[in-house]
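Listed below, chain by chain, are the residues.
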Protein chains: 2
Amino acid sequence: MANNETQLDRIFAALADPTRRAIVMRLCDGEASVGELANPFDMALPSFMKHIHVLELSGLVQSEKAGRVRTCRLRPEAMVGAEDWLQHQRAIWEARLDRFEAYVMKLKKEKGEAKPVAPRRKKKGPA
Amino acid sequence: MANNETQLDRIFAALADPTRRAIVMRLCDGEASVGELANPFDMALPSFMKHIHVLELSGLVQSEKAGRVRTCRLRPEAMVGAEDWLQHQRAIWEARLDRFEAYVMKLKKEKGEAKPVAPRRKKKGPA
DNA sequence: TTCATTGTTAGCCATAAAGCTAACTATAGA
DNA sequence: TCTATAGTTAGCTTTATGGCTAACAATGAA
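A.B. asks: How should the protein's contact with DNA strand C be read in this particular structure?
C.D. replies: Inspection of the region around DNA strand C gives 20 residues, with M49(A), R68(A), S47(B), K50(B) and H51(B) positioned closest. Restricting attention to atoms of DNA strand C within 4 Å of the protein, one finds that 63% of them are sugar or phosphate atoms. One of the backbone N or O atoms of G35(A) is found 2.8 Å from a phosphate oxygen in DNA strand C. Measuring from a phosphate oxygen of DNA strand C, one finds a side-chain N or O atom of S47(B) at 2.5 Å. When contributions to the surface near DNA strand C are tallied by element, the ones reaching two or more residues are α3 (34-38), α4 (45-58) and β3 (69-74) of chain A together with α4 (45-58) of chain B.

A.B. asks: Would you mind going over the packing of aromatic side chains with me for this structure?
C.D. replies: Each pair of aromatic rings is reported with the distance of its centres and the angle of its planes. Within the structure shown, the criterion is met by five aromatic pairs over all chains. With 5.5 Å between their ring centres and 35° between their planes, F41(A) and F48(A) make a pair best called tilted. Judged by relative accessible area, F48(A) falls into the buried class, the value being 1%. Ring centres of F12(B) and W85(B) lie 6.0 Å apart, and the angle between their planes is 80°; this geometry places the pair in the edge-to-face category. Taken together, the residues F12(B) in helix α1 (residues 4-15) and W85(B) in helix α5 (residues 77-111) connect sequence positions 73 residues apart. Every member of this aromatic cluster is reached through a ring pair, and the members are F12(A), W85(A), F12(B) and W85(B).

A.B. asks: Would you take a moment to explain α4(A) for this structure?
C.D. replies: Three or four residues apart is the spacing at which side chains of an α-helix point the same way, because the helix has 3.6 residues per turn. All names here are of chain A. If you check α4, its first and last C-alpha atoms are 20 Å apart, about what 14 residues at 1.5 Å a residue would give, namely 20 Å. Listed in full, the buried residues belonging to α4 are F48, H51, I52, L55 and S58. Considered in projection along α4, the buried side chains sweep an arc of 125° and stay on one side of the axis. Residues of α4 that are exposed and angled more than 90 degrees away from the buried face: P46, K50 and L57. One or two residues past the end of α4 sits G59, with phi positive at roughly 90°.

A.B. asks: Explain the environment of L57(A) here, please?
C.D. replies: Residues and elements named next belong to chain A. One can find L57 in helix α4. Each C-alpha atom, one on L57 and one on R10, is 7.3 Å from the other, the two residues being 47 residues apart in sequence. The residues contacting L57, other than those within four sequence positions of it, are Q7 and R10.

A.B. asks: I would appreciate a short explanation of the side chain of H51(A) in the present structure.
C.D. replies: All names here are of chain A. Here H51 shows up in helix α4. H51 gets classed as buried once you look at its relative accessible area, which sits at 12%. Only 3.2 Å separates the side chain of H51 from the side chain of R20, close enough to count as a polar contact. If we skip the residues at most four places from it in the chain, H51 touches D17, T19, R20, I23 and M43.

A.B. asks: Before we go on, may I ask you to explain the sheet that holds strand β2 (residues 61-66) of chain A in this structure?
C.D. replies: Strand-to-strand pairing in sheets goes through backbone hydrogen bonds, with the strands running parallel or antiparallel. Residue and element names in this part refer to chain A. The antiparallel open sheet is built from three strands, whose spatial order is β1-β3-β2. Only two strands of the sheet have a single partner each, and these edge strands are β1 (32-33) and β2. Here β2 pairs with β3 via six bridges, running antiparallel. If you follow K65 over to β3, its bridge partner there is R70. In the packing of helix α2 (residues 18-28) onto the sheet, the strands contacted are β1, β2 and β3, and the crossing angle to β3 comes to about 85°.

A.B. asks: Just checking my understanding: could you explain the protein's contact with DNA strand D for this structure?
C.D. replies: Taken together, 20 residues lie around DNA strand D, and S47(A), K50(A), H51(A), M49(B) and R68(B) are the ones closest in. K50(A) is positioned such that a nitrogen or oxygen atom in its side chain is 2.6 Å from a base oxygen of DNA strand D. Residue R68(B) places a side-chain N or O atom 2.6 Å away from a base oxygen belonging to DNA strand D. Counting only elements with at least two residues in the surface near DNA strand D, the list comes to α4 of chain A together with α3 (34-38), α4 and β3 (69-74) of chain B. Counting residues per element, the surface near DNA strand D draws most heavily on α4(A), at four residues. Taken together, the residues of the surface near DNA strand D sort by class into eight nonpolar, five polar and seven charged.

A.B. asks: Looking at this model, I keep getting lost on the relation of the copies chain B and chain A. Mind explaining?
C.D. replies: The pair of chain copies shares a relation made of a rotation about an axis and a shift along it. Screw-axis analysis of chain B against chain A gives a translation of 0.0 Å along the axis, an RMSD of 0.1 Å, and a rotation angle of 180°. Taken together, the rotation and translation relating the two chain copies correspond to the operation of a two-fold axis. By residue overlap, the copies meet face to face through one surface: 83% of the interface positions of chain B are interface positions in chain A.

Cut-offs and rules
- Residues numbered from 1 in each chain as written.
- Chains lettered and ligands numbered in written order.
- Predicted model: local features only at pLDDT ≥ 70, side-chain atom pairs only at ≥ 80, totals over all residues.
- Heavy atoms only, no water.
- Near = heavy atom within 4 Å.
- Polar contact = N/O pair within 3.5 Å; in protein donor to acceptor, adjacent residues only side chain to side chain.
- Helix = DSSP H or I, 4+ residues; strand = E, 2+ residues; numbered from the N terminus.
- Phe/Tyr/Trp six-rings, centres within 6.5 Å; stacked < 30°, edge-to-face > 60°.
- Buried < 20%, exposed > 50% of the residue type's maximum accessible area, 1.4 Å probe, protein only.
- Expected span 1.5 Å × (residues − 1).
- Arc of directions from axis to C-beta.
- Contact = heavy atoms within 4.5 Å.
- Pairing = 2+ DSSP bridges.
- Axes fitted to C-alpha atoms, helices over the stretch in contact; angles between N-to-C directions.
- Nonpolar A, V, L, I, M, F, W, Y, C, P; charged D, E, K, R; others polar.
- Least-squares fit on C-alpha atoms with pLDDT ≥ 70 in both.

Here it is in structure tokens:
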């Protein structure tokens with residue numbers, strides 16, 4: 001998957017726009033037509049459609065047309081890529097921090113005093 | 001913070017670029033100078049500096065200059081914003097999914113069998 | 001058949017993003 | 001002091017993004 005990275009690019013880029021995040025949030029409540037989605041936004045339809053298209057390219061949204069109505073729905077699996085990337089980085093960071101803390105502890109024990117390091121982020125397991 | 005949304009924009013936008021994600025990954029291993037960071041990339045320094053700047057604006061990276069060396073380090077707290085947004089959306093999605101499943105279960109129980117066509121649009125209660 | 005609804009296509013514009021070179025500043029070291 | 005190192009600033013190009021209008025399907029309803 002040489003394009004895997006590219007896909008991450010697209011997902012993060014898609015989420016970098018507030019209009020598109022709002023669309024994603026709306027779609028969390030269930031599928032909707034383009035018109036329903038566009039309604040709350042003060043934006044010409046063609047402009048709005050571009051956002052839908054960006055979301056589809058990123059894989060975050062899927063749509064299909066029945067009659068003259070195009071219905072969109074979320075593909076939350078696509079978000080997992082981004083989520084995983086972030087969690088992975090945090091894991092690496094925290095591992096490093098642990099090593100560093102251990103090192104400081106060792107110094108403490110050896111020398112008798114040392115300043116605590118950086119604030120840890122509480123782990124919020126998906127459980 | 002009216003700019004909270006804007007900050008999310010910046011974080012996702014910052015992470016939408018593979019060079020910048022690579023920088024973040026590198027910084028997970030510990031702080032580094034601009035030169036060290038730039039080394040692996042086949043890119044003119046001024047171009048590279050722009051990426052650093054984008055990362056700083058997003059809050060993901062912090063840097064300070066000592067002598068002629070600018071040292072960069074990660075501010076992983078900044079990533080939390082993005083992580084939380086994603087997890088929140090997934091939570092909402094999953095809650096909805098649960099409701100839908102419960103609804104299907106109810107139908108199943110009541111009717112003996114049912115093939116509900118599409119997930120419902122938001123309406124009060126699973127009527 | 002006619003008409004309103006719902007998207008879609010095409011094309012335009014302004015701004016931002018991502019890259020470059022060239023020239024400059026500021027320090028560290030010889 | 002002179003020179004090499006490490007960034008920085010300025011200014012340019014190309015391409016992408018996000019918005020618009022106008023005109024065109026295509027479908028469902030009257």
